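# Fold and contact review
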Amino acid sequence: MSERQSLMKEINEASFAIVDATLYLDTHPTDEAALQFFDEAMNKRKAAMQQYESKFEPLIIDCVNQQPASDQADTKYPGMKHWRWADGPAPWEGVC
């Protein structure tokens, strides 16, 4: 499994856990263990999303930022400040 696939798997697993915890918390809003589980899953997802974005490209608009000119990340615009959303390929283009 490639690093890209591994990170996507981690993001998907954390996202599933967040949705599952959200459904449970809708009916058990004071369950401290569930609240802690939710927070841990959110932190895991945020970290994985940031790692994916820094190594590949942003997956959601919340992760988009302008790439600094000094960053040597794999990009269509090396050495240029640019809108990272333009870096690809997109998930539907078969990379994940």
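Below, the structure is looked at part by part. The numbers attached to residues start from 1 for each chain and follow its sequence in the written order. Local features in a predicted model are, by the rule used here, given only for residues with pLDDT of at least 70; side-chain atom pairs are given and counted only at 80 or more, and totals for whole chains, interfaces and linings are based on all residues. Side-chain numbers come from the whole structure's heavy atoms, not from hydrogens or water.

Take helix 2 (residues 32–55) next. Starting at the N terminus, helices and strands are each numbered in turn, a helix being any DSSP run of H or I of at least four residues and a strand any DSSP run of E of at least two. How far a helix is expected to stretch is found by multiplying one less than its residue total by 1.5 Å. For helix 2, which comprises 24 residues, the first-to-last C-alpha distance of 35 Å matches the rise-based estimate of 34 Å (1.5 Å per residue) to within 8%. Polar contact is defined as a pair of N or O atoms within 3.5 Å, subject to the rule that within protein one atom must be able to donate a hydrogen and the other to accept it, and that residues adjacent in sequence are counted only when both atoms are side-chain atoms. Where helix 2 starts, the residue carrying a side-chain oxygen 3.0 Å from the main-chain nitrogen of A33 turns out to be D31.

Our next topic: helix 1 (residues 3–27). Between its first and last C-alpha, helix 1 extends 37 Å over 25 residues, near the 36 Å set by a 1.5 Å rise per residue. Only protein chains enter the area calculation, which uses a 1.4 Å probe; residues under 20% of their type maximum are buried, those over 50% are exposed, and those in between are partly exposed. Along helix 1, the residues classified as buried are R4, L7, M8, I11, A14, S15, A17, I18, A21 and L25. The contact criterion used throughout is that any non-hydrogen atoms of two residues lie within 4.5 Å. Its buried side turned inward, helix 1 meets helix 2.

What we call a nonpolar core is a set of buried Ala, Val, Leu, Ile, Met, Phe, Trp, Tyr and Cys residues that are connected through their side-chain atoms within 4.5 Å. In this structure, L7, M8, I11, A48, M49, Y52, F56 and L59 together form the largest nonpolar core, which totals eight residues. For this core, the secondary structure elements donating two or more residues are helix 1 and helix 2. Setting aside residues up to four positions removed in sequence, I11 forms contacts with A48, M49, Y52 and L59.

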